[in-house]
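One-letter residues, chain by chain:
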Amino acid sequence: MKRQLLNLLLSLSIFFIFHTPCTNAQGWEENYTGVMLQGFYWDSFTDTRWTKLEKQADELANYFDLVWIPQSACCGTADNMGYMPLYCFLQESSFGSEKELRKMISTFKSKGVGTIADVVVNHRGTYSTMVDFPEETYKGVTYQMFSTDICKNDDGGNTLNWANSNGCQLSQNNDTGEGWDGGRDIDHKSENVNKCVKAYLHYLINDLGYSGFRYDMVKGYSPGFTAEYNAYANPQFSVGECWDGTTTIRNWINGTKVDDKPMSAAFDFQFRYRVRDAINQNNWTRLSAESEGDAGKPLIFNEQYRRYAVTFVENHDTEKRQNSQQDPIKTDTLAANAYLLAMPGTPCIFLKHWMAAKGDIKRMITARKLVGIHNQSSWQVMESKPMYYAVKTQGNNGELICVVGKTPAAYKVPDGFTEVLAAANFKYYISNELTGEWNDRLQAIVAEEVAIKQQQQSQPSYTPHKVTVYVRSEVNWAKMNFYIWDSNNNTQLNGNWPGKQITDTKTINGYTWYYQTFDFSSEDYYVNAVFNTNTGSPQTVDATRIYNDQFFVIRNVQRDGKYVLEYDTQTRNLFNTDVNEDGSVDISDVVATINHIAGTASFPKSDVNGDGTTDISDVVAIINFMAGN
Ligand SMILES: [Ca+2]
Ligand SMILES: [Ca+2]
Ligand SMILES: [Ca+2]
Ligand SMILES: [Ca+2]
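Residues numbered from 1 in each chain as written. Chains lettered and ligands numbered in written order. Predicted model: local features only at pLDDT ≥ 70, side-chain atom pairs only at ≥ 80, totals over all residues.

Draft legend 1. Spotlight on the overall build of the protein chain. Along its length, the protein chain carries 16 helices and 26 strands. Here the C-alpha atoms of the protein chain give a radius of gyration of 26 Å, agreeing with the 25 Å that 2.2 N^0.38 yields for 629 residues. Here the protein chain holds 629 residues, and 46% of them are scored as buried. Once local pairs closer than 6 in sequence are excluded, the contacts in the protein chain between residues at least 24 apart make up 65%. (Helix = DSSP H or I, 4+ residues; strand = E, 2+ residues; numbered from the N terminus. Rg over C-alpha atoms; globule rule 2.2 N^0.38 Å. Buried ≥ 20, exposed ≤ 12 C-beta atoms within 10 Å, placed from the backbone. Contact = placed C-beta atoms within 7 Å.)

This is the structure:
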């Protein structure tokens, strides 16, 4: 019986590992009615934690079809928005662990929401010097980029100078696009780069479960590479950040063609700038003015390219940040989103806007979907005046008239339309025949809002728990100090620098680990650590946002005079999977978990996948771990 059960489980786990769904070969679906959320803003480390986004899955799924999240691979151990990637296959980021990421993606998927990966392959961060990249092994194959994978003209020749005086070689090829200063622009013509990027993208789709890609800085390399990568990885959705005028954006889209079909959509930057200008200049005729010529005309204005336009009004680069001069829309953001959601293209809502005006945006999205507006919908300007602008969009089920501006009430709506939404700076009208269905959907939104409020009020208080930080050093340090500070700005957890000498050790996975355990009493609480020896020197780099038990290795490698820290996920996974806590993971842990499920024994660590219950999925997780997956 037990053997039969194991065989069944084994075949189940093999099914999960090898079953990959069919996907579209094209860059973006036609007549797509979906709406996307940009699930982050700059430094949204708390609001965008994978666990936090996952908890909102039910609510998000009622409105969004796609959620674009920050680049999820490791950029080192300190706070990082993901735009200087260091690893490909190590999915430990400032937003959470690989386990949390996988769980979020699969929860989203189960509710019909696709997750869009931020793919940053123009440039990479380096490990310790100007030109070294980490070696990674994935499914038995080793991937590593080398100095010869760096464009010859990287960073205006500075990298080449460094390489020349340090006995290294760069690629013989110059960059095929723009460079990013401070990161190593990688040479996409290199066979090794091609192999690494393809394996990485295939892994994002087929292993982590992402639905598509948002390619960062696509002006950094020739669009033909995006074509090749997408033809290989086959994402269901692909959108490129080609931050430029529309002529350049269209050329880029055409550059991604395979068999005469574009393999990627692009963000509609000029759509965003028109909205900004209309608001800043208080002249709403700017939304469709003809004055800019081709380059300044939004992508959606061209019928042929509408399908490949992802529209937006704000993103993490244009928003207002603390220490830099950005270009945010400062007023009328509600009107901006109303216009965005009334127009063709695939609208991408900015997380800050969503958080600030959920009720309004929910209703706008609901109106859009009720009318059946899709990315290729046609529209007609009804009136264009400095004080207001009215546009009628044709959906699959009816029409929507959106009026935005300072005096939207001044617009005289034609017969056959009913006002459904109104605020100081916008109004929505829909075809009369849809109003019955609108009222039903509106009631559903209200019921949802009440339910969410009740749920928030009745949410069980956080269960305090303990988190342990483990570290081992490959450098021979006479003593080990932990300097710790936390999310409450308490810098004295282990006293002043250099912190507290740690003498407690444990042997796990064949290594001796120094460790310290902390009490966690709120959901957003975390600790940060710097490890050091003697009276504080030498020391490691920072390890920030430690939310869970974590294993760090101090490598005998320095970056800017500080020892490099790495996550040891192999040890952590073994630690998490060792249900009976005997130091190894084997069939006895499977038996222990089955006994726990059957109620014949109790093992506190039996919830291996961390979903809150012990069930057959934990047994599958152990078998997968044993199989090396
Ligand atoms: Ca560069
Ligand atoms: Ca480049
Ligand atoms: Ca065990
Ligand atoms: Ca579980």
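Draft legend 2. Summary view of the nonpolar core. Ranked by size, the top nonpolar core spans 143 residues in total, and within it A266, A338, Y339, C402, V404, I430 and A529 carry the most contacts. When residues of this core are sorted by domain, at least three fall in each of domain 1 (25-142 + 183-376) and domain 2 (465-575). V585, A592, V608 and A621 belong to the second-largest nonpolar core, a separate cluster that totals 9 residues. (Core = buried A, V, L, I, M, F, W, Y, C linked by C-beta atoms within 7 Å. Domains from an automatic or database assignment.)

Draft legend 3. Spotlight on the sheet that holds strand 22 (residues 511-520). Strand order in the open sheet formed by 5 strands is 21-22-18-25-26, and the pairing between neighbours is mixed. Looking at which strands have only one partner, the edges of the open sheet turn out to be strand 21 (505-508) and strand 26 (562-567). Between one strand and the next, the sheet's axes are offset by a mean angle of 40°, whatever the strand orientation. The sheet contacts of helix 14 (residues 569-577) involve strand 21, strand 25 (550-559) and strand 26, and relative to strand 25 the element is tilted by about 170°. (Pairing = 2+ DSSP bridges. Axes fitted to C-alpha atoms, helices over the stretch in contact; angles between N-to-C directions.)

Draft legend 4. Local environment of the packing of helix 6 (residues 191-206) against helix 7 (residues 223-233). Look at helix 6 against helix 7: their axes get within 9 Å of each other, and the N-to-C directions meet at 45°. As summarised for this structure, helix 6 and helix 7 are arranged oblique, according to the angle between their axes. Handedness of the helix 6/helix 7 crossing: right-handed. Taken together, the residues of helix 7 that come into contact with helix 6 (itself represented by V197, K198, L201, H202 and I205) are Y229, Y232 and A233. A breakdown of the residues in the contact of helix 6 with helix 7 according to their chemical character gives 6 nonpolar, 1 polar and 1 charged. (Parallel < 35°, antiparallel > 145°, perpendicular 65-115°, else oblique. Left-handed = near helix turned anticlockwise from the far one by under 90°. Nonpolar A, V, L, I, M, F, W, Y, C, P; charged D, E, K, R; others polar.)

Draft legend 5. Summary view of helix 7. For helix 7, the set of buried residues is P223, F225, T226, A227, Y229, N230 and A233. Check the buried side of helix 7 and you find it contacts helix 6, strand 8 (212-215), strand 9 (237-240) and helix 8 (246-255). Positive phi shows up at N234, right after helix 7, with a value of about 55°.

Draft legend 6. Region of the structure containing the domain arrangement of the protein chain. Looking at the assigned domains, one finds that the protein chain contains domain 1 (25-142 + 183-376), domain 2 (465-575) and domain 3 (578-626). In this structure, domain 1 and domain 2 have C-alpha centres spaced 34 Å apart. Facing the 13 residues of domain 1 at the interface are 14 residues of domain 2. The class makeup of the residues in the side of domain 1 that touches domain 2 is 5 nonpolar, 5 polar and 3 charged.

Draft legend 7. Focus on the sheet that holds strand 11 (residues 309-311). The parallel closed barrel is built from 8 strands, whose spatial order is 1-2-3-8-9-10-11-12. Direction aside, the axes of adjacent strands within the sheet are offset by 25° on average.

Draft legend 8. Highlighting the pairing of strand 16 (residues 417-423). Relative to strand 17 (residues 426-431), strand 16 is paired through 6 bridges, and the arrangement is antiparallel. Bridging from a neighbouring strand, T418 pairs with I430 of strand 17. With antiparallel pairing between neighbouring strands as the criterion, strand 16 and strand 17 make up a hairpin whose turn holds 2 residues.

Draft legend 9. Spatial organisation of the pairing of strand 21. As paired strands, strand 21 and strand 22 are joined by 4 bridges and run antiparallel to one another. Bridging across to strand 22, I508 finds its partner in Y511. Hairpin connection, strand 21 to strand 22: the antiparallel pair is bridged by 2 residues, and N509 has positive phi, about 55°.

Draft legend 10. Quick peek at the environment of D47. Structurally, D47 is set in the loop between strand 1 (36-38) and helix 2 (50-55). C-alpha separation for the pair D47 and R472, spaced 425 residues apart in sequence, amounts to 31 Å. Not counting the four nearest positions on each side in its chain, D47 is found in contact with K52 and L351.

Draft legend 11. Spatial organisation of helix 8. Here helix 8 has its buried residues at T246, I249, R250, W252 and I253. Buried residues of helix 8, viewed axially, fall in a sector of 160°; they line one side. Buried positions along helix 8 lie against helix 7, strand 9, strand 10 (265-267) and helix 9 (269-280). (Arc of directions from axis to C-beta.)

Draft legend 12. Representation of the environment of G345 in the model. Along the polypeptide, G345 turns up in the loop between helix 10 (333-342) and strand 12 (346-350). For G345, a count of 28 C-beta atoms within 10 Å corresponds to the buried category. Sequence spacing of G345 and H374 is 29 residues, and the spatial spacing of their C-alpha atoms is 7.0 Å. Residues in contact with G345, not counting those within four places in the same chain, are D268, F271, I300, R306, A309, V310, T311 and N375.

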